[in-house]
Amino acid sequence: ETGVTQTPRHLVMGMTNKKSLKCEQHLGHNAMYWYKQSAKKPLELMFVYSLEERVENNSVPSRFSPECPNSSHLFLHLHTLQPEDSALYLCASSQDAGRFNQPQHFGDGTRLSIL
Amino acid sequence: AQTVTQSQPEMSVQEAETVTLSCTYDTSESDYYLFWYKQPPSRQMILVIRQEAYKQQNATENRFSVNFQKAAKSFSLKISDSQLGDAAMYFCAYRSADYGQNFVFGPGTRLSVLP
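A brief structural summary. All of these numbers come straight from a predicted model, not from anything done at the bench. (Residues numbered from 1 in each chain as written. Chains lettered and ligands numbered in written order. Predicted model: local features only at pLDDT ≥ 70, side-chain atom pairs only at ≥ 80, totals over all residues. Heavy atoms only, no water.)

Secondary structure assignment for chain B yields zero helices and 12 strands. Along the chain direction, N to C, the helices and strands of chain B fall in the order β-β-β-β-β-β-β-β-β-β-β-β. In summary, chain B has a C-alpha radius of gyration of 14 Å against a globular reference of 13 Å for 115 residues, a match within 12%. For the C-alpha atoms alone, the extent of chain B along its principal axes is close to 45 × 25 × 20 Å. Every one of the 115 residues in chain B was classed for burial, and the buried ones make up 50%. When contacts within chain B are restricted to residue pairs at least 6 apart in sequence, those whose partners lie at least 24 apart make up 55%. Looking at chain B as shown, the accessible area adds up to about 5600 Å², and 45% of this sits on carbon and sulfur atoms. (Helix = DSSP H or I, 4+ residues; strand = E, 2+ residues; numbered from the N terminus. Rg over C-alpha atoms; globule rule 2.2 N^0.38 Å. Buried < 20%, exposed > 50% of the residue type's maximum accessible area, 1.4 Å probe, protein only. Contact = heavy atoms within 4.5 Å. Areas by Shrake-Rupley, 256 points an atom, 1.4 Å probe, with all protein chains shown as cover.)

What follows is the structure, given as structure tokens:
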């Protein structure tokens, strides 16, 4: 496999459920990102991990909990979500080692629907 | 904080014609990078082209080229000989050259290609 893989592709859950989104990158990158993409809104950066340490948390509610066990894997744990959390969640990775012209590589996203 | 603006929510172009998508950004920095990403209905964000701010020469990638006007803080994307497969959302993105700064995306332009 190559690139950035996200699972599941679609997820429907109730407001009281607990689920996790998974992201895996096979590019040897050292930074990983979670974005939220809602209709008619710009991409919202949620979390950034660089060398497995969280370096950015953009005022994301605590019902979203990221986890980065190693440089290839990134999870987003979800619990007690709200209807407004329904969106496409995109994972991305990049090679950050002073080379800031390197683009991000994105997965296909997980389409999340909260009932 | 940097911002990225794409003033055209939707654009359309006839197949084989040329179209230009606009992007402006606001920054006080002199060193940064600019990117255009394409997101087709398949959802995966794909890098189209990148530009380093210190380079005066406009970047080109096959049918895609940019018009980078640093003083005007403008970074437009020109697509020549448009093809049906070019239909997608196009996002302009900015990244500072400062360590720890992450990507800032514009709201996107939806491009339709008419046969």
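Here we come to the overall build of chain A. Broken down by element type, chain A carries zero helices and 11 strands. Here the C-alpha atoms of chain A give a radius of gyration of 14 Å, agreeing with the 13 Å that 2.2 N^0.38 yields for 115 residues. Each principal axis of the C-alpha atoms in chain A carries an extent, and together these give about 40 × 30 × 30 Å. Counting all 115 residues of chain A, 50% fall into the buried class. The long-range fraction of contacts in chain A, counting pairs at least 24 apart against all pairs at least 6 apart in sequence, stands at 53%. Summed over all atoms, the accessible surface of chain A reaches about 5400 Å², with 48% contributed by carbon and sulfur. The averaged location of the 11 negative side-chain charges in chain A is 8 Å from the averaged location of its 11 positive side-chain charges. (Lys, Arg positive; Asp, Glu negative; His and termini not counted. Charge placed at Lys NZ, Arg CZ, Asp CG, Glu CD.)

As a further point, take the interface of chain A and chain B. Residue-level contacts link 25 residues of chain A with 23 residues of chain B. Carbon and sulfur atoms make up 50% of the surface buried where chain A meets chain B, a total of about 2000 Å² over both sides. The interface formed by chain A and chain B includes zero salt bridges. Put simply, chain A and chain B have six residue pairs in polar contact (both at pLDDT 80 or more) between them. Looking at the side of chain A that touches chain B, the elements with two or more residues in it are strand S4 (31-37), strand S5 (44-50), strand S9 (87-94) and strand S11 (110-114) of chain A. Among the residues forming the side of chain A that touches chain B, the class breakdown is 11 nonpolar, nine polar and five charged. (Buried area = accessible area lost by both parts, 1.4 Å probe. Salt bridge = Lys/Arg side-chain N within 4 Å of Asp/Glu carboxyl O. Polar contact = N/O pair within 3.5 Å; in protein donor to acceptor, adjacent residues only side chain to side chain. Nonpolar A, V, L, I, M, F, W, Y, C, P; charged D, E, K, R; others polar.)

Enumeration according to the criterion identifies 15 aromatic pairs over all chains in this entry. Ring geometry for Phe106(A) versus Tyr37(B): centroids 5.5 Å apart, planes at 85°, classification edge-to-face. Within this pair, whereas Phe106(A) is found in strand S10 (residues 105-106), its partner Tyr37(B) is found in strand S5 (residues 32-39), the two belonging to separate chains. Taking relative accessible area as the criterion, Phe106(A) reaches 2% and is therefore assigned buried. Look at Phe68(B) and Phe75(B): their rings are 6.4 Å apart centre to centre, the planes differ by 80°, and that puts the pair in the edge-to-face class. Classification of Phe68(B) by relative accessible area gives buried; the value is 7%. (Phe/Tyr/Trp six-rings, centres within 6.5 Å; stacked < 30°, edge-to-face > 60°.)

To continue, consider the sheet that holds strand S1 (residues 4-7) of chain A. Residues and elements named next belong to chain A. With respect to topology, four strands assemble into an open sheet ordered S1-S3-S8-S7, the strand pairing being antiparallel. Each edge of the sheet is formed by a strand with only one pairing partner; in this case those strands are S1 and strand S7 (64-70). When strand polarity is set aside, the average angle formed by the axes of neighbouring strands in this sheet is 15°. Bridge analysis of S1 against strand S3 (residues 18-25) gives four bridges, and the strand direction is antiparallel. In the sheet register, Val 4 faces S3, and the bridge partner there is Gln 25. (Pairing = 2+ DSSP bridges. Axes fitted to C-alpha atoms, helices over the stretch in contact; angles between N-to-C directions.)

Below, the discussion takes up the pairing of S7(A). Sheet topology places S7(A) next to strand S8 (residues 73-79) of chain A; five bridges connect them, and they run antiparallel. Within S8(A), the position partnered with Glu67(A) by the bridge is Phe75(A).

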